[in-house]
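Chain and residue survey
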Amino acid sequence: MPNDPLDRRTLVLGFLGGAAALWAADESFPGDQESTLKALASTVLPPSMGAAEEWAIRFAAWVRGYTPGAEMEHGYGFTKLEERPPSPAPRYVNQLRELAAKGFVAASPSDRLALVEASLADAKALPRIPAGANVAADLMSFYFHSAEAADTCYDADIRADACRGFTRVGESPLRRKS
């Protein structure tokens with residue numbers, strides 16, 4: 001333990017800041033809106049993948065594991081380091097509640113689609129990673145920018161996030177067996 005009171009204060013404040021970041025993570029997302037999140041996933045994700053509920057569960061786990069203040073990747077040539085903003089969980093829950101209040105879960109597929117389109121009116125494009133502005137756009141981003149979506153799209157085992165090693169660098173990805 002440091003002897004200087006200023007060092008002790010810095011240590012305690014640093015500990016409290018870390019504890020606050022852990023506390024800020026929403027362990028209960030999506031809370032009472034699980035059925036709305038699953039219905040949203042079945043509305044905005046392609047039916048051909050056949051696992052919308054699984055992706056809703058994976059998205060919820062991603063939100064629960066979100067770490068506010070974590071350093072973000074900064075691409076090549078960008079020298080400014082940025083930190084993740086506060087957790088989007090409260091905003092997502094509010095958006096899911098708004099959809100639920102409009103009868104989203106019990107609505108027909110076409111009515112669900114109309115409600116989602118209205119909620120996406122301000123969205124210009126899918127963010128590369130979920131950005132916290134819109135739960136529907138971020139759920140789609142979470143899926144469509146995944147390695148599994150690329151594999152499904154190209155009907156091949158590309159495994160974008162896995163290393164195939166130098167011995168196979170020139171080989172094309174294996175086609176999936178239908």
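Worth saying up front: this structure is predicted, and the values here are computed from it rather than measured.

1. Comments concerning the side chain of Thr36
Looking at where Thr36 falls in the secondary structure, it is placed in helix α2 (residues 34-44). Looking at Thr36, the relative accessible area reads 2%, which means it is buried. Ignoring any residue separated from it by four or fewer positions in sequence, one finds Thr36 in contact with Leu96, Leu99, Ala100, Phe104 and Val105.

2. A few points about the pattern of salt bridges
Summed over the entire model, instances satisfying the criterion amount to five salt bridges. Here Glu54 ties to Arg58 by a salt bridge, and the two come within 3.6 Å at their closest N and O atoms. In this pair, Glu54 and Arg58 both sit in helix α3 (residues 52-64), four residues apart, roughly one turn of the helix. Judged by its relative accessible area of 31%, Arg58 falls in the partly exposed class. Linking Glu148 and Arg58 is a salt bridge whose minimum nitrogen-to-oxygen distance equals 2.9 Å. Of this pair, Glu148 sits in helix α7 (residues 147-154) while Arg58 sits in helix α3, and the two are 90 residues apart along the sequence. Residue classification places Glu148 among the partly exposed residues on the basis of a relative accessible area of 34%. Each of Glu34, Lys38 and Glu53 takes part in salt bridges that share partners, so that together they form one network.

3. So, the side chain of Gln33
As for its placement among the helices and strands, Gln33 is situated in the loop between α1 (5-24) and α2. Leave out the neighbours within four places in its chain, and Gln33 touches Val93, Leu96, Arg97 and Ala100.

4. Quick word on α2
Restricting attention to buried positions, one finds in α2 the residues Thr36, Leu37, Ala39, Leu40, Ala41, Thr43 and Val44. Elements in contact with the buried residues of α2: α3, α4 (89-101), α5 (109-119) and α6 (135-144).

5. Digging into the nonpolar core
Counting 30 residues, the largest nonpolar core has Phe29, Leu37, Leu40, Val44, Phe59, Val116 and Leu139 as the members making the most contacts within it. Of all elements in the fold, only α2, α3, α4 and α6 reach the threshold of two or more residues within this core. The greatest single-element share of this core, amounting to seven residues, is contributed by α6. Apart from residues no more than four positions distant in its own chain, Leu40 is found in contact with Leu96, Leu99, Phe104, Val116, Val135, Ala136 and Leu139.

6. Details of unusual backbone geometry
Note: most peptide bonds trans; most residues except glycine with negative phi. Looking along the chain, the bond that leaves Phe29 and enters Pro30 is cis, with omega of 5°. Looking at the secondary structure, you find Pro30 in the loop between α1 and α2.

7. Considering the packing of aromatic side chains
Inspection of every chain in the model, using the stated rule, returns 10 aromatic pairs. Ring geometry for Trp55 against Phe142: centres 5.8 Å apart, planes inclined by 75°, an arrangement best described as edge-to-face. Taken together, the residues Trp55 in helix α3 and Phe142 in helix α6 connect sequence positions 87 residues apart. Note on accessibility: Trp55 and Phe142 belong to one class, buried. Ring centres of Phe59 and Phe142 lie 5.5 Å apart, and the angle between their planes is 70°; this geometry places the pair in the edge-to-face category.

8. Notes on the packing of α2 against α3
It is at 8 Å that the axes of α2 and α3 come closest, and there the two elements cross at 125°. Here α2 lies oblique to α3, going by the angle between them. Crossing hand, α2 versus α3: right-handed. Listed contacts from α3 to Leu37, Lys38, Ala41 and Ser42 of α2 are Ala52, Glu53, Ala56, Ile57, Phe59 and Ala60.

Procedures and definitions
Residues numbered from 1 in each chain as written. Predicted model: local features only at pLDDT ≥ 70, side-chain atom pairs only at ≥ 80, totals over all residues. Heavy atoms only, no water. Helix = DSSP H or I, 4+ residues; strand = E, 2+ residues; numbered from the N terminus. Buried < 20%, exposed > 50% of the residue type's maximum accessible area, 1.4 Å probe, protein only. Contact = heavy atoms within 4.5 Å. Salt bridge = Lys/Arg side-chain N within 4 Å of Asp/Glu carboxyl O. Core = buried A, V, L, I, M, F, W, Y, C linked by side-chain atoms within 4.5 Å. Phe/Tyr/Trp six-rings, centres within 6.5 Å; stacked < 30°, edge-to-face > 60°. Axes fitted to C-alpha atoms, helices over the stretch in contact; angles between N-to-C directions. Parallel < 35°, antiparallel > 145°, perpendicular 65-115°, else oblique. Left-handed = near helix turned anticlockwise from the far one by under 90°.

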